[in-house]
Amino acid sequence: MDQFGKTAGVVARIRGMVHDGTLRSGDALPSTRALAAELGVARGTVVAAYEQLDGEGYIRTRHGAAARVAASVGGPVPVGAAAGVRVVPGVSAASAAAGAGASAASGASAASAASATDTPAVSADAPRAAVIDCRPGIPAVTAISDRDWRAAWRAAADLPLRNALSDPLGLPALREQVAAQLGLSRGFAPDPRRVVVAAGTSEALSLVTEALRVSLGRAPRIAVEDPGYRTGHRAVVSAGGEVVGVPLDEDGIDLDVLRAGGRFDAVMVTPTHQYPLGSVMPVARRRALLDWADATGTLVIEDDYDSEFRHRGQPVPALAALDPGVLHVGGFSKSFDPRLRCAYVVLPAGRPDVALAVTAARVARGAVVAEPVQAAVAHLLRTGAFRRHLGRVRRDYTHRRALIVARLTSAAGSVPGLEARALTGGLHTVVSWSGPLRGAAVVGRLASRGVLVADLADYEVTAGSAGEGVVLGYGAVSLPALERALDALVEVLGAGCGSVTG
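This section reports on the structure supplied with the text.

Rules of the game
Residues numbered from 1 in each chain as written. Predicted model: local features only at pLDDT ≥ 70, side-chain atom pairs only at ≥ 80, totals over all residues. Heavy atoms only, no water. Pairing = 2+ DSSP bridges. Helix = DSSP H or I, 4+ residues; strand = E, 2+ residues; numbered from the N terminus. Contact = heavy atoms within 4.5 Å. Axes fitted to C-alpha atoms, helices over the stretch in contact; angles between N-to-C directions. Expected span 1.5 Å × (residues − 1). Buried < 20%, exposed > 50% of the residue type's maximum accessible area, 1.4 Å probe, protein only. Arc of directions from axis to C-beta. Phe/Tyr/Trp six-rings, centres within 6.5 Å; stacked < 30°, edge-to-face > 60°. Parallel < 35°, antiparallel > 145°, perpendicular 65-115°, else oblique. Left-handed = near helix turned anticlockwise from the far one by under 90°. Nonpolar A, V, L, I, M, F, W, Y, C, P; charged D, E, K, R; others polar.

It is worth spelling out the sheet that holds strand β8 (residues 252–253) at this point. Spatial strand order, β5-β12-β11-β10-β9-β6-β7-β8: eight strands in an open sheet with mixed pairing. Single-partner strands in this sheet number two, and they are β5 (195–198) and β8. Of the pairings in the sheet, the one linking strand β11 (residues 327–331) to strand β12 (residues 343–346) comprises four bridges and is antiparallel in character. Bridge pairing in β12 links glycine 331 to alanine 343. Each of β5, β11 and β12 is contacted by helix α7 (residues 172–185), which is oriented at about 110° to β5, the strand it contacts most.

See the structure below:
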C-alpha cells in the first residue's frame, strides 16, 4: 500500500472511532510516534493523518501538546429543531442554543470578492455605512493564519527567476498538490497530469464549454440545475454554449425531466451541496445519473461546490470517484480566498476526447493564473496550512449556523411557514416563508436597514422555479453582526407576511 493509502487508513480508523463514540470530545490521542509504532507504519504517515483530521475538524493539534478530539459527532442526526420552524436539514434547538453563545473569529470581506463569486452586486439603494454583508459566496478570508499566509508568499518569492513562459496547464507543483488533496479528501486521486489550472470556477466552466464547442463544431447543449449557479450559467453562455434549465427535487436534478429533455452534450451538477438549495445527491441518484450519461454519451460536469464544508454526517465522496468519465471542477474561492482566482479542472480519464479538447483549449488560451499565486497555493497545500485553516473555519461556521437555527426557531410563531434550508454544508442558508411576501421586497427592505442578502429568484433559469425566499451567507460575518442581520430579517418577515407585496 502506498503512502496515501496508509494515511487514508489511519484517517478512516480515527474518524470511525469518533463517529461511533469510542473517542469523545477532549480525549487525547496517542503521540504520532506511539501510534505509528502501534500500527506498524511510518511516523510521517500518522503525522499526515493527524494533519488531515485537524483540517477536517475531528481533532485539534497543538505544538508540544497531545492531539485531542475536537468534537463528538457520533449518534443519530437530530431531525429538525423546535416545533414551528422547519430546518432542512439542521440541528436541534438545544445544540443551536449552546452553539449560539460560542465565540467565533470575526469575518470581513473585500469589495472585490463580490465579482469573484456568485454574489449579487450591492444595490444602489443600499446604505454606504454600517453595512452587514450577508450575501452568499464570501468566506472568512481574515481567518487565514497570518504566519501561514506570509510563509506561502515567501516560498513563492524564493523561487528562482527563469526566462520562460508559464506552463498553460499549470505549475506542476500545484497540480501535484491538488491531486494529493483530492486523494485525501474527495475519494479519488487523479494523475497530476490530468489536473489543469484555471482562473476560478467560472473560467473553468467557460474553458470546458469552449472545448466542447470547438470539438463539436456547434453550440453545445448543456443541462443545468434550476435554480442553480448563475455565474456558471453566464460563463457557459459567454463561451458559446446553450443552457437548458432542469428542475430539482429533494435529491437533486430531476432525472425524469432530464431524460425527456432531448439530446444533451453535457449536464452540469453540484451533487455534494446543491447551489443554492443545499440538497445532497444520494448514491442511488448519482448512479442513475451516471448510467444515463453513459448510455447517452453525455458528459457529466461536477462542480464540487462547498465540498469542504460538510456540517452534518460523513463527508460525501466526489462524483468523479464513482466514474472516470466525470469531469471534475474544484477551486479555492469558497474554502480560502476568492481573490486568488485559482481553480482547477480534472480531465476525465474515461473520456479521452474531452480531455484532449480541454487541453487544446487551455493551451490556446494560455496560462491564466500567475505562477507566484500557484506557488503560494501549492505551499499552503503541501505544508498542511490549508487543512489547518479548514479545521479552524469549520468550527467558526458551525457556531454561526447554530445561531441561525436558534434565532429562526424562536421566530417561528411570528412568521408563518418559516423554513431554513441548505444547512448540512456550505456557507449560506436559504430562508423561505408562507404567504404573498416577495423575496425581492425582503431584499430591498433589508438593504434599507443596512443588511445585504440575495433574492432566491435571482438563481432561477425558468421564472418561478425557486419560489420565494432569500439566500443569506454567513461565512464572512461575525456572530454579533449575524445576530443583528437575523433580527432584521425576522422583523421584516414578521411585518410583511400578512400583506401582499410586489
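A rise of 1.5 Å per residue sets the reference length of helix α16 (residues 479–496), with its 18 residues, at 26 Å; its end C-alpha atoms lie 26 Å apart and thus fit the reference within 8%. Within the sequence span of α16, burial applies to Leu479, Ala481, Leu482, Ala485, Leu486, Ala488, Leu489, Val490, Val492, Leu493 and Gly496.

An ideal rise of 1.5 Å per residue puts 16 Å on twelve residues; helix α6 (residues 146–157) measures up with 17 Å between its terminal C-alpha atoms. Of the residues making up α6, those classed as buried are Asp148, Ala152 and Ala156. The buried residues of α6 all sit within an arc of 75° when viewed along its axis, so they share a single face. Among the exposed residues of α6, those oriented more than 90 degrees off its buried face are Arg147, Arg150, Arg154 and Ala157. Taken together, the buried residues of α6 touch α13 (371–382) and α14 (385–410).

Let us look at the packing of aromatic side chains. Enumeration according to the criterion identifies seven aromatic pairs in this entry. Seen from their ring centres, tryptophan 149 and tryptophan 153 are 5.7 Å apart, and the 70° between their planes marks the pair as edge-to-face. One end of the pair, tryptophan 149, and the other, tryptophan 153, are both in helix α6, four residues apart, so they sit about a helical turn from each other. Through a chain of ring-to-ring contacts, three or more aromatic side chains come together here, namely Trp149, Trp153, Phe332, Phe336, Tyr344 and Phe386.

Looking now at the packing of helix α15 (residues 439–448) against α16. Packing of α15 against α16 leaves a shortest axis separation of 10 Å and a crossing angle of 130°. With respect to α16, the element α15 is oriented oblique. Of the two elements, α15 crosses α16, and the hand of that crossing is right-handed. Along its contact with α15, which presents Val442, Arg445 and Leu446, the element α16 presents Ala488, Leu489, Val492, Leu493 and Gly496. Of the residues assigned to the contact of α15 with α16, the class counts are six nonpolar, one polar and one charged.

Attention now moves to the side chain of serine 206. Tracing the backbone through its elements, the reader meets serine 206 in helix α8 (residues 201–216). For serine 206, a relative accessible area of 11% corresponds to the buried category. The residues touching serine 206, leaving out its near neighbours within four places in the chain, are Ala235, Ala239 and Arg365.

Counting buried residues along strand β14 (residues 428–432), five of its five residues qualify, which places the element largely inside the surrounding structure. Neither face of β14 is open: one carries His428, Val430 and Ser432, the other Thr429 and Val431, and all of them are buried. When strand β13 (residues 419–421) meets β14, the two strands line up antiparallel, connected through three bridges. Each bridged residue has a counterpart across the sheet, and for glutamate 419 the counterpart in β14 is serine 432. The hairpin formed by β13 and β14 contains six residues between the paired strands, and alanine 422 there has a positive phi angle of roughly 70°. Bridge count between β14 and strand β17 (residues 470–473): four bridges; the pairing is antiparallel. What sits directly across from histidine 428, in β17, is glycine 473.

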